[in-house]
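If you want the building blocks of each chain, they are given just below.
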Amino acid sequence: MRRERLGEKKGVMILAAGAKGAVGSTVAALVAALQEEGDKSSQCLTTRGYLAGLMETSAVAFGGWDTKPHSLQEALERQGVIPREIWSRYRGLLEKMEVFCEPRGITLGEKTERIQEDIVEASSRYPWAVPVVVDLLPAFGRGTWPDFGSPGELMSMRSDSLTPDLPYALAATRMGVPFVNFTSNPVEHDLLVREAIANGAPMAGRDGKTGQTYLKVVIASALKARSLLVEGWYSLNILGNDDGRNLSREEVASCKLENKTRVLEEVLGYSLGDRHRVRIDFYEPRGDCKEAWDAIDFSGAFGLPMSIRVNLMARDSILAAPMVIDLARWMVALKQVGEKGLIGDLAFFFKRPLGESPPATFHEQLLALDRLALKIHQKWESHEEDFTHI
């Protein structure tokens, strides 16, 4: 039997559920830029340093699934995240990216099988790449898992009664394909995690930490390091894209708001109760240019009060897209060295990091990435040394 050399698959194929949304289409454009320009367009990728020497930045492909019938170029035009004069440079590469239609099927099993077939087809087009399924679907709220006695019983359930993310997550984990949950949707059931471990698939999630919550972790970690007591924290998000419109519905925003609230308690080590408030408001003129306001009250010696005000003017999808590519590259490297199941050391990327004892503070999260990168490089080098002695 031929032994596969580590790194024979030298790239990553991102398969995004929700490929033509604001984040998905921005990822597609950035992938095209990396294919065309390589290192010139990779300055926004943190894995340039962490995974240096393991894969080329230009070795990346994009595809996935979406309900929308129009092309990726039209999606970029409609979303309006990237000016046309920028994304049109890569029109030829964007035209070659294949996005499948939403899988059809009455049962969860039927939909899952269709997605698995799509993954096989996409993999045949890019034999040099490891596929990674990334969940970029809209938030759907808290949701609940149905009662089922066995995996077979679950697969026979009607798909329209289940969360739309589920068939993608199941298809990936059953095939041993890495899975990233960038949404706030709670799809990481024990069954999925067991499937991932049994089939050698790493998983990462949940809820990408792009802008305001990223800075919240940084500032809260700094205040904690100085033993300054946080007395209250008010956060407001204003955004006008499809994500903002969807999150303006209270029942849909519940998981997102819970994740944004919970992350502060995990960093500080204590709860502020109703003195920590988070709001998400839809304001259409903002589009994808999210605005975030934070009012932070804290005290120092003698209990004397102080405060910080933060106003972030950011481009939501522009912040998210490099993170998606970074996470996909981490997943490929982890898959190649045999890591599987939930990877808690990728907490840096998420509001609600999952896995075994995920680090909470900013400093701890950076140290976890250092350790993870070191582990990957050591395993990679060890495998290469073993291979040269065959």
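Conventions we followed
- Residues numbered from 1 in each chain as written.
- Predicted model: local features only at pLDDT ≥ 70, side-chain atom pairs only at ≥ 80, totals over all residues.
- Heavy atoms only, no water.
- Pairing = 2+ DSSP bridges.
- Helix = DSSP H or I, 4+ residues; strand = E, 2+ residues; numbered from the N terminus.
- Contact = heavy atoms within 4.5 Å.
- Axes fitted to C-alpha atoms, helices over the stretch in contact; angles between N-to-C directions.
- Buried < 20%, exposed > 50% of the residue type's maximum accessible area, 1.4 Å probe, protein only.
- Salt bridge = Lys/Arg side-chain N within 4 Å of Asp/Glu carboxyl O.

Caption draft 1: The arrangement of the sheet that holds strand S6 (residues 202–205) in detail. Pairing within the open sheet is parallel, and its seven strands lie in the order S3-S2-S1-S4-S5-S6-S11. Looking at strand neighbours, the two that pair on one side only are strand S3 (99–101) and strand S11 (341–342), the edges of this open sheet. Strand direction decides the pairing type here: strand S4 (residues 129–135) and strand S5 (residues 179–181), joined by three bridges, are parallel. Bridging from a neighbouring strand, Val 134 pairs with Val 180 of S5. Across the sheet, helix H6 (residues 108–125) touches strand S1 (11–17), strand S2 (60–66), S3 and S4, and the angle it forms with S1 is around 150°. Sitting on the sheet, helix H13 (residues 316–336) is in contact with S1, S4, S5 and S6, with an inclination near 130° to S4.

Caption draft 2: Region of interest: the environment of Phe 140. Secondary-structure assignment places Phe 140 in the loop between S4 and helix H7 (151–155). With a relative accessible area of 22%, Phe 140 lands in the partly exposed category. Between the C-alpha atom of Phe 140 and that of Leu 162, which follows or precedes it by 22 residues, the distance is 11 Å.

Caption draft 3: Local environment of unusual backbone geometry. The peptide bond linking Gly 205 to Arg 206 adopts the cis configuration, its omega dihedral lying at 15°. Here Arg 206 lies in the loop between S6 and helix H10 (212–225). Phi is positive for Asp 207, which is not a glycine, with a value near 75°. In this structure, Ser 357 is a non-glycine residue whose phi angle is positive, near 50°. Checked against the element boundaries, Ser 357 lands in the loop between S11 and helix H14 (362–388). Overall, the relative accessible area of 64% leaves Ser 357 in the exposed class.

Caption draft 4: Just the pairing of S2, in detail. The buried fraction of S2 amounts to seven of the seven residues, a majority that puts the element mostly inside the structure. Every second residue of S2 is oriented toward a common face, with Val 60, Phe 62, Gly 64 and Asp 66 on one face and Ala 61, Gly 63 and Trp 65 on the other, all of them buried.

Caption draft 5: Seen up close, the pattern of salt bridges. Tallying each qualifying case throughout the model produces 16 salt bridges. A salt bridge links Arg 158 to Asp 160; its shortest N-O distance comes to 3.0 Å. On the accessibility criterion, Arg 158 (49% relative accessible area) is partly exposed. A residue is classified by how much of its surface remains accessible, and Asp 160, at 55% relative accessible area, is exposed. With a shortest N-O distance of 3.3 Å, Asp 207 and Lys 351 are connected by a salt bridge. Remark: Lys 351 occurs in the loop between S11 and H14 and Asp 207 occurs in the loop between S6 and H10; sequence separation between them is 144 residues. According to the relative accessible area criterion, Asp 207 is buried, its value standing at 0%. Connected through shared salt-bridge partners, Glu 339, Lys 375 and Lys 379 make up one network.

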